[in-house]
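Letter by letter, the chains look like this.
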Amino acid sequence: MLTKLLQYEAKATARVLLPVYGGVLALCLLTGICDRLNVPLTDLPGVLGWLGALLALLTVLALVFVLGACVFVNVQRFYKLLGEQGYLLLSLPVPAWKHIAAKLLCACAWLIVTFPFLFLCGDVMSGRFGELSIIWPEATPVVVAQTLLGLLLLVLAAAVAYLQFYLSCAIGAQFGQQRLLASIVSYFVLGFIEQMLFLILMTSLAFAAYQNQTFWVERLANSIAAPETASIVLLGVADLFLLLVAAIHWAVTQWLITRRLNLA
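This is a predicted model, so every value here is computed, not measured.

Caption draft 1: Quick peek at the UniProt feature "transmembrane region" (unreviewed entry) in the protein chain. As annotated by UniProt and renumbered to match this structure, "transmembrane region" (unreviewed entry) occupies residues 12-33, 53-79, 100-119, 139-163, 184-210 and 230-252. Between the end C-alpha atoms of residues 12-33 there is a gap of 33 Å, over a span that is 100% helix and 0% strand. The straight-line gap between the two end C-alpha atoms of residues 100-119 is 29 Å; of that span, 100% is helix and 0% is strand.

Okay, structure coming up:
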């Protein structure tokens, strides 16, 4: 059933996002063509130069819009699940975690696709049309580990961001007709609380490190002696931390949907 939910989410979001992506790519192509035409023609009137600059500005704004649209559409899909659409979808013999998983996987997949798409649009907009080259580092075990942990960090960061939106929507759904306003307020309140908790955690860790200076000085010396190992450890710790935060967001969201959901 999870596969069917994923297919449903992919089709529903693609109907909105693919035309947006296609339109932005066409705009980038037009900007790239105009940029190529303007290079040899130095005697063009000033008005055409201003129009070219305006077109480039609109293209940059369109690229920002693509990222915003990707996030908005996927968050909206979850928000609708907690409204009128929930009467249909939540009546299916499917546990709540599968609904969350399908929407989260689809949202993260779109975000992963969006970033290479933005690089492609930047390449096309600059007029190079595929001349962009990527320098790949030597595939040593350390580089592979760093790359995998770094990519995992980015995926977990995206998942945490989406799960925070989902949790805000789930909290807002408790307020019935005012759920949109409550969801917006909940998002900012959650962000403030999480920042305060993170600050308290960092302060506690700093105080603990001060109380055990000898131990941490030795660890720092070892990190300087082996920076590759230290980077892998730091990336691993960051991945575990984000995984814990994501698990907390997921657990609370699932509990609210399962036990406390108000579709009024």
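Caption draft 2: Representation of the environment of leucine 118 within the structure. You can see leucine 118 is positioned in helix H4 (residues 96-125). Taking the C-alpha atoms as reference points, leucine 118 and leucine 67, separated by 51 residues in sequence, lie 8.5 Å from one another.

Caption draft 3: Main features of the pattern of salt bridges. One pass over the structure, following the stated rule, counts 2 salt bridges. Linking glutamate 9 and arginine 77 is a salt bridge whose minimum nitrogen-to-oxygen distance equals 3.3 Å. Taken together, the positions of glutamate 9 in helix H1 (residues 2-38) and arginine 77 in helix H2 (residues 46-81) put the pair 68 residues apart, joining distant regions of the chain. For the pair shown, glutamate 9 and arginine 77 are each scored as buried. A salt bridge links glutamate 9 to lysine 103, with the shortest nitrogen-to-oxygen separation between them at 2.4 Å. Taken together, the residues span a long stretch of sequence, with glutamate 9 in helix H1 and lysine 103 in helix H4 at a distance of 94 residues. Each member of the pair, glutamate 9 together with lysine 103, is buried. Three or more residues are tied together by salt bridges with common partners; here these are Glu9, Arg77 and Lys103.

Caption draft 4: Structural context of empty space enclosed by the protein. Following the criterion strictly, the structure yields 1 cavity of 30 Å³ or more and no others. Size it by volume and the largest cavity reaches roughly 40 Å³. Lining the largest cavity we find Leu5, Tyr8, Glu9, Leu89, His99, Ala102 and Lys103. In the lining of the largest cavity, the residues fall into 4 nonpolar, 1 polar and 2 charged.

Caption draft 5: Expanded view of the packing of aromatic side chains. Under the definition given, this model contains 7 aromatic pairs. Where tyrosine 21 meets phenylalanine 117, the ring centres are 4.7 Å apart and the plane angle is 25°; that geometry is what we call stacked. Here the residue tyrosine 21 occupies a position in helix H1, and phenylalanine 117 occupies one in helix H4, the gap between them amounting to 96 residues. Of the two residues, tyrosine 21 and phenylalanine 117, both sit in the buried class. Taking the centre distance of 6.0 Å and the plane angle of 55° together, the rings of phenylalanine 198 and phenylalanine 241 count as tilted.

What counts and what doesn't
- Residues numbered from 1 in each chain as written.
- Predicted model: local features only at pLDDT ≥ 70, side-chain atom pairs only at ≥ 80, totals over all residues.
- Heavy atoms only, no water.
- UniProt positions renumbered as here; feature names shortened; annotations may be inferred.
- Helix = DSSP H or I, 4+ residues; strand = E, 2+ residues; numbered from the N terminus.
- Salt bridge = Lys/Arg side-chain N within 4 Å of Asp/Glu carboxyl O.
- Buried < 20%, exposed > 50% of the residue type's maximum accessible area, 1.4 Å probe, protein only.
- 1 Å grid on protein atoms, 1.4 Å probe; cavity = no way out; pocket = protein on both sides within 12 Å on 5 of 7 lines; lining within 4 Å.
- Points joined across faces, edges and corners; volume = space filled by probe spheres on them.
- Nonpolar A, V, L, I, M, F, W, Y, C, P; charged D, E, K, R; others polar.
- Phe/Tyr/Trp six-rings, centres within 6.5 Å; stacked < 30°, edge-to-face > 60°.

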